[in-house]
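Per-entry structural report
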Amino acid sequence: MNAESVAEFLGGVPLLQRLPSSSLRKIAQVIKVEHYDEGEYVIRNGHSKGIYFIFEGEAEVCGNSEEDIRPEFILKRYDYFGDGEIITPNLSTDCFRGGGAPTSEQQADVIASSKLTCLVLPSEHWYLLQPKSIWNADVRQETCAPVETILHLDPIEVNLFQGITLPSAPKFGKVFGGQFIGHALAAASKTVDCLKIVHHLQAYFLLVGDYDIPILYEVHRLRDGKSFSTRRVDAKQKGNIVFTLLASFQKEEEGFEHQEAVMPSVPAPDTLLSLEELRERRIIDPRLPRSYRNKVAAVKHVPWPIEIRFIDPSNSTNQTKTPPRLKYWFRAKGKLTDDQALHRCVVAYASDLMFIGVSANPHRQRDLKINVLSLNHTMWFHRPLKADDWLLFVIESPSSSATRGVVTGQMFNQKGELVVTLVQEGLLRVVKSPPSAIRAKI
């Protein structure tokens, strides 16, 4: 049994869904394999060697009273148990099945009820179960890259996570759609083994999210196969499902390769202006209306956790007709933890920043306000990527009709490799002005 197969197994243990993939790999390096025959004691009188994870076979948990020895629980594959001093309340709220071990007041025996194989995490390595965040075992989330902190979730129980909208996170008057996507994908990713990475997701925006209250993400394990796993995640606020995501994960394997998509010839990102520099230029640009420049200057600037460099910065306002296309480089600000699951969550988060709005470009005109809302969002991840390195996002809108617009997108790395393909559909509606009050003539 090699470390990779151990890490793959550990990814299916509910207790460990909160751990970064780096922690699972460290645990796989120090794990011990123990074999037991039917009827043999695994734990007697509450004394154990560490935390046990059942790899194969079954075990019974029995009271250790000589007057009353009877099975109380049946433990199976992926269940875990151990010394109550090791599995503490902050790691699990259950007692046995899918939970922790009995405390010293609830000492019990664990007996193999069949040929049994257990993976044992020695007690001196229990600290590996207490990471600083779900993405990084050693660095606290407050000191991570801004978007990594935004995408942190608190595990509540098995398959249930809680996320919040940080004061520094983009909001746009409601919970940002990219935050829903990133959070939900993070929750789904934490319930599959670390060797499986998302390759496709489909999301639906159902209701406007309230950024002042927490969001619960409930994960439904639809399928777990040898190569693929499927998850559905429902985001809930006030008892209502406000967002849902379906994601498929695949274990990496070699296969056929081809790429017809060609990355456009564009300037290097380091030669282009940042959003902050563009904002300062627009404030003093005499070609723009004074009212628009005053409005831009008056609005408090909230830096995004994603750095963006436009290929062709526009000199127009949001009330000027422009072609339905956009190209820009983007990357996460700061250094992200080296976890491919995190990097794909970050790209999913960033993909909704300026996507569906492109479909409204040909319809913009003076004194016309267009309300743009995302309806659904689809992504295919083709190749490994780094979200803290520059990616080129190429967006086009092939059509809009019946109050709905569609945008397609391609993301390339700096080597010209196509890493992500995207499609989004959104609602485009004219904001109707309220009827003006009728003035009485005197």
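Our structure's up above, just so we're on the same page.
Residues numbered from 1 in each chain as written. Predicted model: local features only at pLDDT ≥ 70, side-chain atom pairs only at ≥ 80, totals over all residues. Heavy atoms only, no water.

1. Let's talk about the sheet that holds strand S6 (residues 80–82)
Paired through their backbone hydrogen bonds, the strands of a sheet run either parallel or antiparallel. Spatially, the 4 strands line up as an open sheet ordered S1-S8-S3-S6, and their pairing is antiparallel. Only two strands of the sheet have a single neighbouring strand rather than two, namely strand S1 (32–36) and S6. Shown here is a sheet whose adjacent strand axes are inclined to one another by a mean of 30 degrees, direction ignored. Sitting on the sheet, helix H1 (residues 3–10) touches strand S3 (50–56) and strand S8 (116–122), and the angle it makes with S3 is about 95 degrees. (Pairing = 2+ DSSP bridges. Helix = DSSP H or I, 4+ residues; strand = E, 2+ residues; numbered from the N terminus. Axes fitted to C-alpha atoms, helices over the stretch in contact; angles between N-to-C directions. Contact = heavy atoms within 4.5 Å.)

2. A closer look at the pairing of strand S4 (residues 59–63)
Regular strands have side chains that alternate between both faces of the sheet. With 4 of 5 residues buried, S4 is to be regarded as a mostly interior element. Of the strand pairs in this sheet, S4 and strand S7 (residues 108–112) are connected by 5 bridges, and their pairing is antiparallel. Across the sheet, residue Cys-62 finds its bridge partner in S7, namely Asp-109. (Buried < 20%, exposed > 50% of the residue type's maximum accessible area, 1.4 Å probe, protein only.)

3. Looking at the packing of helix H4 (residues 177–189) against helix H7 (residues 340–350)
Relative placement of two packed helices is described by the angle separating their axes and the distance separating the axes. In contact at an axis separation of 7 Å, H4 and H7 are set at 160 degrees when each is read in the N-to-C sense. On the basis of their axis angle, the class for H4 and H7 is roughly antiparallel. H4 and H7 meet at a crossing whose hand is right-handed. Residues Gly-178, Gln-179, Ile-181, Gly-182, Leu-185, Ala-186 and Ser-189 of H4 form the contact with H7, whose own contacting residues are Ala-341, Arg-344, Cys-345, Ala-348 and Tyr-349. (Parallel < 35°, antiparallel > 145°, perpendicular 65-115°, else oblique. Left-handed = near helix turned anticlockwise from the far one by under 90°.)

4. With respect to the pattern of salt bridges
Evaluation of the coordinates by the stated rule reveals 17 salt bridges. Across the salt bridge formed by Asp-210 and Lys-238, the nearest N and O atoms sit 3.9 Å from each other. Taken together, the positions of Asp-210 in the loop between strand S11 (196–205) and strand S12 (215–224) and Lys-238 in the loop between strand S13 (228–237) and strand S14 (240–251) put the pair 28 residues apart, joining distant regions of the chain. The exposure class assigned to Asp-210 is partly exposed, which follows from its relative accessible area of 27%. Of the residues examined, Lys-238 reaches a relative accessible area of 68% and is grouped as exposed. Three or more residues joined by partner-sharing salt bridges are found here, namely Glu-307, Arg-309 and Arg-331. (Salt bridge = Lys/Arg side-chain N within 4 Å of Asp/Glu carboxyl O.)

5. Points about unusual backbone geometry
The phi angle at Phe-172 is positive, at roughly 60 degrees, despite the residue not being glycine. Its place among the elements puts Phe-172 in the loop between strand S10 (160–163) and H4. For Thr-403, which is not a glycine, the phi torsion comes out positive at approximately 70 degrees. Along the chain, Thr-403 falls in the loop between strand S18 (391–401) and strand S19 (404–413).

6. Points about the sheet that holds strand S9 (residues 154–157)
Strand order in this open sheet of 12 strands is S9-S10-S12-S13-S14-S11-S17-S20-S19-S18-S16-S15, and the pairing throughout is antiparallel. Of all the strands in the sheet, just S9 and strand S15 (306–310) have a single pairing partner and so form its edges. Taken pair by pair, the neighbouring strands of this sheet meet at an average axis angle of 25 degrees, ignoring direction. Direction of pairing for S18 relative to S19: antiparallel, over a ladder of 9 bridges. Note on S19: the bridge partner recorded for Ser-400 is Gly-405.

7. Things to note about the packing of aromatic side chains
This model, assessed by the stated rule, comprises 14 aromatic pairs. Relative to Tyr-80, the ring of Phe-53 lies with its centre 6.4 Å away and its plane at 50 degrees, an arrangement referred to as tilted. Separated by 27 residues along the polypeptide, Phe-53 in strand S3 and Tyr-80 in strand S6 bring together distant segments of the chain. Residue classification places Phe-53 among the buried residues on the basis of a relative accessible area of 0%. The class for Tyr-80 is buried, based on a relative accessible area of 1%. Between Tyr-328 and Phe-393, the ring centres sit 5.6 Å apart and the planes meet at 70 degrees, which makes this aromatic pair edge-to-face. With a gap of 65 residues between them, Tyr-328 in strand S16 (residues 325–332) and Phe-393 in strand S18 connect regions that are remote in the sequence. Accessibility expressed as a relative area gives 0% for Phe-393, which makes it buried. Ring pairing ties together the aromatic residues Phe-310, Tyr-328, Phe-330, Phe-355 and Phe-393, which thus form one cluster. Here the basic side chain of Lys-190 rests over the ring of Trp-135, its NZ or CZ set 5.3 Å away from the ring centre. (Phe/Tyr/Trp six-rings, centres within 6.5 Å; stacked < 30°, edge-to-face > 60°. Lys NZ or Arg CZ within 6 Å of the ring centre and 35° of its normal.)

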